[in-house]
Each structure stands twice: as C-alpha cells, then as structure tokens.
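Understanding the architecture of this molecule
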Amino acid sequence: ENLLFDPAATVTRGIAAVIVSRLFDLAPVADCHASFSDVPCTHPLYGYVQALADAGITAGCGGGEYCVDDLATRGQLAAFIVGGAGWTLVTPAAPSYSDVPASHPLYSFIETGRENRLFEDETTGGTFRPDEPSTRADAAMFSYNVVRSRYSLW
C-alpha cells in the first residue's frame, strides 16, 4: 500500500516464513506436498511455509495447521531463526530473561538465540517479551544479527 518500512507493523507467521526462508537461502518449495491444512499448495505463501516444514524448522501451531495468518510472536520468530541457523539448543539452569522462565515452551530457543547474539542491541531491562507480536523492527534486527554472526561482523 505504501513504500514505508513501518517498523512497528506486526509480522504474521506467513511473513515470518518468508523472512526465515530468505535469510537462510531456503528455496520456496514448488512441488505440492502440503504439510498444513491452512496452507494448501495454492496459497501464495505455500512455498515458503513448506520450505520451513521440510527443513524441520516448524511443525506448525497444532492440529495440522501452521496458523499462517496469526501474528508471529517474538518467541516464535526467534525459534524459527534458531532452527534455520541450526544452532545447538542450550538450556541453562537459570533464565537470562525475567519474563522467560525455564517452563516457557520456547525457553531453549530463546536462550540459544541469546547465546548466539541474536538479540544483540535489541533487548533491554532483562526482559525479552516472548509472547508479544513480532514487529518488522524485531525481524530486521534479528536478521541483521544473523548476518553479523555469519560474516563475523561483531
């Protein structure tokens, strides 16, 4: 609709699939073998969502669906990126963020992202806000940090 970046705009799970696929050079899947009932082969984002599924980065949101139009949370985006990067999951005894206890379902993914500097220059005040919707700014910063890591630009 416009050419503005709009950093506060939220990111859907479908768009998160596009971001992660492109970030890790996962080619959109062309052949039809849909893993999720809400993302049939005719869906415009099918190739990207299926690329994540085929790579083992996502198993969807449950019930055989991906929840393509739901907002991606910061924790979900972090988990997709950690999976795409292939980082070995870590599970420290003590949480790094006060709002991500060890009982949080994405605890290991978020801790692994922190250990690999995925959130560098992004989190403040000892919180991560894992269940808040991801914004375009979050996606840009996380992606930037993956590129910094990939090319040793720290």
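Residues numbered from 1 in each chain as written. Predicted model: local features only at pLDDT ≥ 70, side-chain atom pairs only at ≥ 80, totals over all residues. Heavy atoms only, no water.

Turning to the overall build of the protein, a few remarks are in order. A tally of helices and strands in the protein yields five helices and zero strands. Seen in sequence order, the protein has helices and strands lined up from the N terminus as α-α-α-α-α. The C-alpha atoms of the protein give a radius of gyration of 15 Å, which matches the 15 Å a tight globule of 154 residues would have. Counting only residues that meet the buried cut, the protein has 42% of its 154 residues in that class. The long-range fraction of contacts in the protein, counting pairs at least 24 apart against all pairs at least 6 apart in sequence, stands at 66%. Across the protein, 9 positive and 18 negative side-chain charges occur, with their mean positions spaced 8 Å apart. (Helix = DSSP H or I, 4+ residues; strand = E, 2+ residues; numbered from the N terminus. Rg over C-alpha atoms; globule rule 2.2 N^0.38 Å. Buried < 20%, exposed > 50% of the residue type's maximum accessible area, 1.4 Å probe, protein only. Contact = heavy atoms within 4.5 Å. Lys, Arg positive; Asp, Glu negative; His and termini not counted. Charge placed at Lys NZ, Arg CZ, Asp CG, Glu CD.)

Moving on, we get to the packing of aromatic side chains. The description of an aromatic ring pair uses the distance of the two centres, along with the angle that the planes make with each other. The final tally for this structure, using the stated rule, is seven aromatic pairs. Their ring planes at 45° and their centres at 5.5 Å tell us that Phe36 and Tyr66 sit as a pair that is tilted. Of this pair, Phe36 sits in the loop between helix H1 (13-23) and helix H2 (46-54) while Tyr66 sits in the loop between H2 and helix H3 (74-85), placing them 30 residues apart in sequence. A single burial state applies to Phe36 and to Tyr66, both of which are buried. Centre to centre, the rings of Tyr66 and Phe80 are 6.3 Å apart; their planes meet at 20°, and the pair counts as stacked. Residue Tyr66 is located in the loop between H2 and H3, and its partner Phe80 is located in helix H3; the two are separated by 14 residues in the primary sequence. We note that Tyr66, like Phe80, is buried. An aromatic cluster of three or more residues is present, and its members are Tyr97, Phe119, Phe128 and Phe142. (Phe/Tyr/Trp six-rings, centres within 6.5 Å; stacked < 30°, edge-to-face > 60°.)

A few words on a nonpolar patch on the surface. Judged by side-chain polarity, Val147, Tyr151 and Leu153 come together as a nonpolar surface patch covering roughly 300 Å² of accessible area. With respect to the helices and strands, Leu153 occurs in the segment after helix H5 (136-150). Residue Leu153 is classed as exposed on the basis of its relative accessible area of 54%. (Patch = residues over 30% accessible without salt bridge, like charges linked within 9 Å, V, L, I, M, F, W, Y side chains within 5 Å. Areas by Shrake-Rupley, 256 points an atom, 1.4 Å probe, with all protein chains shown as cover. Salt bridge = Lys/Arg side-chain N within 4 Å of Asp/Glu carboxyl O.)

The next thing to look at is the pattern of salt bridges. Scanning the model with the defined rule gives four salt bridges in all. Between Arg117 and Glu120 there is a salt bridge, with its nearest N and O atoms 3.4 Å apart. Accessibility expressed as a relative area gives 32% for Arg117, which makes it partly exposed.

This part covers unusual backbone geometry. Even without glycine at this site, Cys67 takes up a positive phi of about 65°. The class for Cys67 is buried, based on a relative accessible area of 15%. Despite not being glycine, Arg129 has its phi angle at roughly 65°, a positive value. Along the chain, Arg129 falls in the loop between helix H4 (107-115) and H5.

All right, on to the nonpolar core then. Grouped together as the largest cluster of nonpolar side chains are 39 residues, with contacts concentrated most on Val49, Tyr66, Ile81, Leu118, Phe119 and Phe128. Sorting the residues of this core by element identifies H1, H2, H3, H4 and H5 as the ones contributing at least two each. Sequence-distant contacts of Leu118, that is, excluding residues within four places in its chain, are made with Ala78, Ile81, Val82, Trp87, Gly113, Met141, Phe142, Asn145 and Val146. (Core = buried A, V, L, I, M, F, W, Y, C linked by side-chain atoms within 4.5 Å.)

Attention shifts here to the state of the cysteines. Note on terminology: a disulfide is the covalent bond linking the sulfur atoms of two cysteines. Under the definition given, this model contains two disulfides. Across the disulfide from Cys61 sits Cys67; the S-S distance is 1.9 Å. Disulfide Cys61 to Cys67: torsion about the S-S bond roughly 65°, handedness right-handed. (Disulfide = S-S within 2.5 Å.)

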